[in-house]
Amino acid sequence: MNTTSSAYTSTWQSPSNLAIVKYWGKKELQQPINPSVSFSLSKAVTTTTVSLTPTKSSGFSFYLNNEEKPAFRPKIQKFLDRIRSRIPLIDQFHLNIYSSNTFPHSSGIASSASAMSALAFCLADLQQQVAGEKNLSIQEVSYLSRIGSGSAARSVYGGWNLWGHLPEIPESSDFHAIPLPIKIHPLFKTLQDDILIVSDQRKKVSSTAGHALMHDHPFRNGRIKQAHNNTLLLLKHLENGNWEGFSTIAENEAMSLHGLMMSSHPSFTLMLPATLSLINEIKEFQQNSGLPVTFTLDAGPNIHLLYPQNVKKEIVKWENQKLKPLCEKGTIIHDHIGDGPQKISQQK
Ligand code: DP6
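Keep in mind that what you see is a predicted model, and the values were worked out from it rather than measured.

**Student:** Would you take a moment to explain the sheet that holds strand β10 (residues 303-307) for this structure?
**Tutor:** The strands that make up a sheet are held in pairs by hydrogen bonds between backbone atoms, and each pair lies either parallel or antiparallel. On the basis of which strands lie adjacent, the open sheet formed by four strands has the order β9-β10-β8-β11 and antiparallel pairing. Only two strands of the sheet have a single partner each, and these edge strands are β9 (294-297) and β11 (332-336). Ignoring which end each strand starts from, the neighbouring axes of this sheet average 25° apart. Looking at chain direction, β9 and β10 are connected through four bridges and run antiparallel. In the sheet register, Thr296 faces β10, and the bridge partner there is His304. Sitting on the sheet, helix α7 (residues 243-262) is in contact with β9 and β10, with an inclination near 25° to β9.

**Student:** Looking at this model, I keep getting lost on unusual backbone geometry. Mind explaining?
**Tutor:** Excluding glycine, a negative phi dihedral is what most residues carry, and trans is how most peptide bonds are arranged. Cis geometry is found at the peptide bond from His265 to Pro266, where omega equals -5°. We note that Asn66 has phi near 70°; this positive angle belongs to a residue other than glycine. When you line up the elements, Asn66 lands in the loop between β3 (59-64) and β4 (67-68).

**Student:** Explain the packing of aromatic side chains to me, please; I cannot follow it from the model alone.
**Tutor:** For any pair of aromatic rings, the description consists of the separation of the ring centres together with the inter-plane angle of the planes. If you walk through the whole model with that rule in mind, you get 12 aromatic pairs. Centroid distance Phe62 to Phe72: 5.8 Å. Interplanar angle 55°. Geometry classified as tilted. Placement of the pair is Phe62 in strand β3 and Phe72 in the loop between β4 and α1 (73-83), with a sequence separation of 10 residues. For Phe62, a relative accessible area of 7% gives the class buried. By relative accessible area, which is 27% here, Phe72 ends up partly exposed. Pairing Phe285 with Trp318 gives two aromatic rings, centres 3.9 Å apart and planes at 5°, and the pair type is stacked. In this pair, Phe285 is assigned in helix α8 (residues 273-289) and Trp318 in helix α9 (residues 312-323), connecting sequence segments 33 residues apart.

**Student:** For this particular structure, what's the right way to read the nonpolar core?
**Tutor:** Generally speaking, soluble globular proteins have nonpolar side chains that are buried together. Ranked by size, the top nonpolar core spans 35 residues in total, and within it Phe79, Leu89, Leu95 and Leu123 carry the most contacts. Mapped by element, the contributors of at least two residues to this core are β2 (36-54), β3, α1, α2 (89-92), β5 (93-101), α3 (111-131) and α4 (138-148). The leading source of residues in this core is α3, at eight residues. The next biggest cluster of nonpolar side chains, apart from the first, holds 31 residues, and it includes Val37, Ile109, Leu162 and Leu191.

**Student:** Which parts of the structure should I look at to understand α8?
**Tutor:** Side chains that are three or four residues apart share a direction in an α-helix, a result of its 3.6 residues per turn. A rise of 1.5 Å per residue sets the reference length of α8, with its 17 residues, at 24 Å; its end C-alpha atoms lie 24 Å apart and thus fit the reference within 8%. Looking only at α8, the buried set comprises Thr275, Leu278, Ile279, Ile282, Phe285 and Gln286. Looking straight down α8, one finds that the buried residues subtend no more than 130° of arc, so they occupy a single side. Of the exposed residues in α8, the ones pointing more than 90 degrees away from its buried face are Pro273, Asn280, Gln287 and Asn288. Where the residues of α8 are buried, they touch β8 (192-196), α7, β9, β10 and α9.

**Student:** Would you take a moment to explain the pattern of salt bridges for this structure?
**Tutor:** Applying the stated criterion across every chain, the model contains 10 salt bridges. One salt bridge connects Lys22 with Asp298, and the closest N-O pair in it is separated by 2.9 Å. Of this pair, Lys22 sits in the loop between β1 (9-21) and β2 while Asp298 is found in the loop between β9 and β10, placing the two residues 276 residues apart along the sequence. The partner of Glu251 in a salt bridge is Lys283, with the nearest N and O atoms 2.5 Å apart.

**Student:** In this structure, what is going on with the pairing of β5? I would like to understand it.
**Tutor:** Both faces of the sheet carry side chains from a regular strand, because those side chains alternate between them. The element β5 is largely enclosed, with a buried count of seven among its nine residues. For β2 and β5, the ladder comprises nine bridges, and the chain directions are antiparallel. Residue pairing across strands places Thr53 opposite His94, the latter belonging to β5. Relative to β5, β3 runs parallel, the two being bridged by six bridges. In the strand pairing of β5, Phe60 is matched with Leu95.

**Student:** Can you help me understand the packing of α8 against α9 in this one?
**Tutor:** The angle between the axes and the distance between the axes are what describe a pair of packed helices. Close contact between α8 and α9 brings their axes to 11 Å; oriented N to C, the two are set at 140°. Between α8 and α9, the interaxial angle falls into the category oblique. Read as a crossing pair, α8 and α9 show a hand that is right-handed. Of the residues in α9, those in contact with Leu278, Glu281, Ile282 and Phe285 of α8 are Ile315, Trp318, Lys322 and Leu323. The residue inventory of the contact of α8 with α9, partitioned by class, reads six nonpolar, no polar and two charged.

Conventions we followed
Residues numbered from 1 in each chain as written. Predicted model: local features only at pLDDT ≥ 70, side-chain atom pairs only at ≥ 80, totals over all residues. Heavy atoms only, no water. Pairing = 2+ DSSP bridges. Helix = DSSP H or I, 4+ residues; strand = E, 2+ residues; numbered from the N terminus. Axes fitted to C-alpha atoms, helices over the stretch in contact; angles between N-to-C directions. Contact = heavy atoms within 4.5 Å. Phe/Tyr/Trp six-rings, centres within 6.5 Å; stacked < 30°, edge-to-face > 60°. Buried < 20%, exposed > 50% of the residue type's maximum accessible area, 1.4 Å probe, protein only. Core = buried A, V, L, I, M, F, W, Y, C linked by side-chain atoms within 4.5 Å. Expected span 1.5 Å × (residues − 1). Arc of directions from axis to C-beta. Salt bridge = Lys/Arg side-chain N within 4 Å of Asp/Glu carboxyl O. Parallel < 35°, antiparallel > 145°, perpendicular 65-115°, else oblique. Left-handed = near helix turned anticlockwise from the far one by under 90°. Nonpolar A, V, L, I, M, F, W, Y, C, P; charged D, E, K, R; others polar.

By themselves, these figures tell us nothing about what the structure is for.
In structure tokens:
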């Protein structure tokens, strides 16, 4: 990759995130129909470099792991079209976009969250370099990221984040995420996320198509109310260190998300038989061991196993015995809550 010939270059690393209260259903330009709460991951990150070439005709090239990937062009094109009024350099330069992920595509980790937030950080930084304007605020970067992919709005901070307006939290917004405005209990500051891979195949129905099915969903109003209540309760549990309460909400949100998929028109199922076998194992272990462990699912068959760091030894022992054999090729990806995006200094 040769980015050094450009006077203007920016590199950012940004994490994926995992939602406990799920964003499912949107209004125009990825404004969510309900609030969502997530934490940023540590190891699952996208690193993106954007370098600018002066040109009469704007446009972009996109490389993922050094390979040109035409499949991703429409989503990036749409993103650039939607933010060009805020980032005028898009009309003045050819953008060379080089991205790499630390995790496999379709692994149950939202690559659009890390990818779109990393790209938004690079563009915000470059706009400042080119025009000498003051830096965009982190909320503005969250706003731009949201336009690329809804869940990306929550990837601009480390730790726990909230996106979507709640009247009870006046600073919350549908336009950008905010860090949770509470003091997080130590129990939830070391949360581990072990991703139990059931299938690494591309999913049959994209999240974007799934969101669209919420438009006329028979349970739409109930879902909005549920997410609202779960968000307020979750905030209390995160503050008070209430593991039981946290676990109840995490599982309720995961099962509700998949229930919404199964009850939309047309319906679809993303869980696989091994997903259910793993859930049964987890429920049994929870009851028998009394240890703090729970799970969530995103829009796919893979399970995110969640537990605080102080029980890691016991959990990993059981996981290797009982869960690993049910995972595809025995694959488990270990991650945990992280500190958020960072700018990577240029190599000279
Ligand atoms: C199930 O952010 O991937 O992971 O806005 O269309 O890009 P678009 O969708 P996306 O949806 C994520 C859905 C989810 C839940 C969540 O992360 O809150």
